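Structural overview
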Amino acid sequence: MKLKNILIVDDEKNQRDILQLILIGERDELGNSLYNVKAASDGHEAMRLFKLNRFDLVLTDLKMHGMDGIELLNELSQMDSSIPVILMTAHGSIDTVKEALRGGAFDYLEKPIGRTELLETVARAVAKMRAVDEEIVGVSDAMERVKKMIVKIAGSSSTVLIRGESGTGKERIARAVHKASPRANERFQAVNCAAINENLLESELFGHEKGSFTGAHAEKKGLFEIADKGTLFLDEIGELNVSMQAKLLRALQEKEITRVGGTKSIKVDVRVLAATNRDLESMVKEKRFREDLFYRLNVIPLDIPPLRQRRDDIVVLMDYFLRKHSANSGGKPMKVSNDARRLLMDYAWPGNVRQLESAIERALLLAESDEITVEDLPMEIRDVARIEGSGGFRLPAEGIDFEQLEKSLLIQAMDQTNWNITRAAKLLGLSFRTMQYRLDKFGLARPNRGGKDEFEGDDDANGE
Ligand SMILES: Nc1ncnc2c1ncn2[C@@H]1O[C@H](COP(=O)(O)OP(=O)(O)OP(=O)(O)O)[C@@H](O)[C@H]1O
Ligand SMILES: [Mg+2]
């Protein structure tokens, strides 16, 4: 188990030392330390340490001279909005604390802080981290941030909008939020809004009364009622039609629903997590998605970067999937040859983590020894390498997956040009319009939506 890194900030030396000693002394049942602890005597020193180290948790005193706890909280959040912060405060500052909790603090401890209280509060935070670590495999900076963010937001009941390309792990993230939340022992109910026929979706979500439509032979509870006290995961939220958007908005705002054909309002206590791979802002501009619903959903945004933008994760995910699917190799431990490894690491992964998982699963089935070789990898991965290696490119007799190949090439061109459509189009010998059309076709949106580098030059906007 990985040690958790904790930063303590307090201007009183005694207090600082005691907290540090208590935390450092904490061991697991095998006698291993649980926490790595550093201490800072004021906000400025804290910021210096924060820039140099990767912390999982910060405990800060509220009243300090120089930079106080709230100012530090703000500065920390500006550097890393995902870091969980526990405020330590004297009795009577409860209003400030409540304010801080709304502003992004994770929890608080009231002074004088007892040993048990300290250990319990920290252990609670760390238990959430471990729940998330179990669910989400990833070591890239981007995923470390996402994981900390999940820990930080798990306690609230606010709606979370999880966005990312297909296969990036959105549902997995949703489960992690649920597992780290106080609702963990209640139901996690997922529903795919795109998979259910528009007419049925309303009764699926909100239930119906007996006889409310042909075929409604008995009354039925909807998923909002079924998930009461738990978490409801609305997948592919971008596919809701306008009338369902209005109904969902009401459910989120009023926290109550009405069954189809019913008249009475039913209170529900559900935490809603939503996911999409669509560009909802554009849909709002085009009036295809209600703006008010968008803001209602997007209270906490979680953007999951595509795998190609967090390449550090490829190796750990690869090892994880090798273990997970090792039954396919008769349970014997499997290695990956250097050549195969290189291909896997360099590939653009247009289908993201899901594509990586199925590549490994398949390779395990095909491998003839205890080593996965290039021959065991899916065609589309080998094809890209072959094109890159160029020279004598020949289509394999088994044929290729043209769509996957096209998508990989588009992504590669876009990545190489820092998502400048004009330059990427030139690389591929396509017109701007064709390029745009193809990007749309695969739903390839520019990463870091809303980032400050939104427009690199105006050549994109002018077209050809
Ligand atoms: N960080 C991760 N750690 C472990 N497994 C992961 C991770 N991310 C994704 N997976 C696995 O990859 C597969 C795809 O993930 P998931 O279904 O959550 O993606 P998604 O973003 O919801 O995709 P889609 O948009 O196509 O619905 C699942 O089998 C999931 O368990
Ligand atoms: Mg999904």
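So, a few notes on the structure that sits alongside this text. The structure displayed is predicted, hence computed values, not measured ones.

What counts and what doesn't
- Residues numbered from 1 in each chain as written.
- Chains lettered and ligands numbered in written order.
- Predicted model: local features only at pLDDT ≥ 70, side-chain atom pairs only at ≥ 80, totals over all residues.
- Heavy atoms only, no water.
- Helix = DSSP H or I, 4+ residues; strand = E, 2+ residues; numbered from the N terminus.
- Expected span 1.5 Å × (residues − 1).
- Buried < 20%, exposed > 50% of the residue type's maximum accessible area, 1.4 Å probe, protein only.
- Pairing = 2+ DSSP bridges.
- Right-handed = clockwise from strand over helix to strand, strands pointing away.
- Near = heavy atom within 4 Å.
- Polar contact = N/O pair within 3.5 Å; in protein donor to acceptor, adjacent residues only side chain to side chain.
- Areas by Shrake-Rupley, 256 points an atom, 1.4 Å probe, with all protein chains shown as cover.
- Core = buried A, V, L, I, M, F, W, Y, C linked by side-chain atoms within 4.5 Å.
- Domains from an automatic or database assignment.
- Contact = heavy atoms within 4.5 Å.

**Re helix H17 (residues 402–416)**
Taking 1.5 Å of rise per residue, the 15 residues of H17 would be expected to cover 21 Å, and the 21 Å separating its terminal C-alpha atoms lies within 8% of that figure. When H17 is considered as a whole, its buried residues turn out to be Leu405, Glu406, Lys407, Ser408, Leu410, Ile411, Ala413 and Met414. Asn418 sits one or two positions beyond H17 and adopts a positive phi of about 55°.

**Some details on the pairing of strand E5 (residues 107–111)**
Within a regular strand, the side chains alternate between the two sheet faces. Here strand E4 (residues 85–90) runs beside E5; their pairing, made up of five bridges, is parallel. Bridge pairing in E5 places Ala90 opposite Lys111. Handedness of the crossover joining E4 and E5 through helix H4 (residues 94–102): right-handed.

**Quick notes on the site of ligand 1**
For ligand 1, the set of nearby residues contains 17 residues, the closest of which are Ser166, Lys170, Arg172, Arg354 and Glu357. Taking Ser166, its side chain carries an N or O atom lying 2.8 Å from an oxygen atom of ligand 1. When the free accessible area of ligand 1 is taken as 630 Å², the share hidden by the protein chains comes to 87%. Listing elements by their share of the shell around ligand 1, those giving two or more residues are helix H7 (170–179), helix H13 (312–324) and helix H15 (352–366).

**Quick notes on the nonpolar core**
Leu23, Leu59, Leu118, Val122, Ile162, Ile173 and Leu302 are the most contacted members of the largest nonpolar core, which totals 44 residues. Viewed by domain, this core spans two of them, domain 1 (4–131) and domain 2 (141–303), each represented by three or more residues. Setting aside anything within four residues of it in sequence, one finds Ile173 in contact with Ile136, Met143, Val146, Ile150, Ile162, Leu302 and Ile304. With 31 residues, the next largest nonpolar core counts Val191, Phe206, Met244 and Ala274 among its residues.

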